[in-house]
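Listed below, chain by chain, are the residues.
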Amino acid sequence: MEVKNIKDFTNGWFIGDFEPSLFKNPFFEVAHQHHKKGKVGDEHFHKLTTEVTYIVSGSMIINDKKLKRDVHLSAGHMFTFFPNEISDVVFLEDSDLIVVRWPSIPSDKYMVD
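Treat the numbers as computed from the prediction; the structure is a model and nothing was measured.

## Regarding the packing of aromatic side chains
If you walk through the whole model with that rule in mind, you get 4 aromatic pairs. Between the aromatic rings of phenylalanine 23 and phenylalanine 28, the centroid separation amounts to 6.4 Å while the plane-to-plane angle is 45°, which identifies the pairing as tilted. The exposure class of phenylalanine 23 is partly exposed, given its relative accessible area of 45%. Taking 5.4 Å as the distance between ring centres and 80° as the angle between the ring planes, the aromatic pair formed by phenylalanine 79 and phenylalanine 81 counts as edge-to-face. Using a relative accessible area of 9% as the deciding quantity, one classes phenylalanine 81 as buried. Above the face of the tyrosine 110 ring, lysine 47 is positioned so that its terminal group lies 4.3 Å from the ring centre.

## Quick look at the sheet that holds strand β5 (residues 59-64)
As summarised here, the arrangement of the 3 strands in space is β6-β5-β8, forming an open sheet in which the pairing is antiparallel. Each of the sheet's edge strands pairs with one partner strand only, and the pair in question is β6 (69-74) and β8 (89-91). Across the sheet, the mean angle separating the axes of adjacent strands is 20° when strand polarity is ignored. Pairing of β5 with β8, which is carried by 3 bridges, proceeds in the antiparallel orientation. Pairing of isoleucine 61 across the sheet is with valine 90, part of β8.

## Quick word on unusual backbone geometry
Of note, the bond from glutamate 19 into proline 20 is cis; its omega dihedral lies within 30 degrees of zero at -5°. Tracing the sequence through the fold places proline 20 in the loop between β1 (13-15) and β2 (29-35). Here the bond from tryptophan 102 into proline 103 is cis, since omega is -15°, no more than 30 degrees from zero. Along the chain, proline 103 falls in the loop between β9 (95-102) and β10 (110-111).

## A short note on the pairing of strand β7 (residues 78-81)
The side chains of a regular strand alternate between the sheet's two faces. What you see with β7 is a clean split: Phe79 and Phe81 sit on the buried side and Met78 and Thr80 on the side with no burial. Sheet topology places strand β4 (residues 50-57) next to β7; 4 bridges connect them, and they run antiparallel. Pairing of tyrosine 54 across the sheet is with methionine 78, part of β7.

Each value, and the rule that gives it
Residues numbered from 1 in each chain as written. Predicted model: local features only at pLDDT ≥ 70, side-chain atom pairs only at ≥ 80, totals over all residues. Heavy atoms only, no water. Phe/Tyr/Trp six-rings, centres within 6.5 Å; stacked < 30°, edge-to-face > 60°. Buried < 20%, exposed > 50% of the residue type's maximum accessible area, 1.4 Å probe, protein only. Lys NZ or Arg CZ within 6 Å of the ring centre and 35° of its normal. Pairing = 2+ DSSP bridges. Helix = DSSP H or I, 4+ residues; strand = E, 2+ residues; numbered from the N terminus. Axes fitted to C-alpha atoms, helices over the stretch in contact; angles between N-to-C directions.

So, in structure tokens, the structure goes:
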């Protein structure tokens with residue numbers, strides 16, 4: 001048996017094709033992330049990967065650029081960012097997320113100017 005703590009990993013990412021990793025693989029990545037109320041996420045997108053997020057607790061607003069509106073999501077909601085969709089989020093409460101991204105390409109993150 002091996003015991004780890006989420007604090008042993010980078011930004012909550014604990015499975016994927018990176019180090020440190022609990023299970024190193026090129027197929028997918030998994031993270032448990034905690035964001036404080038008021039945090040504004042880094043506006044970014046992925047060219048090759050798809051990212052699914054499950055909101056375990058808390059709430060957030062996503063600026064949906066395609067629909068040109070804000071979407072309010074809270075605990076129990078799930079959402080998907082497909083390649084080239086921009087992640088633009090603000091956390092309304094302390095929030096816990098489970099994030100799954102595939103394939104595992106750690107370098108596939110592009111900041112929006």
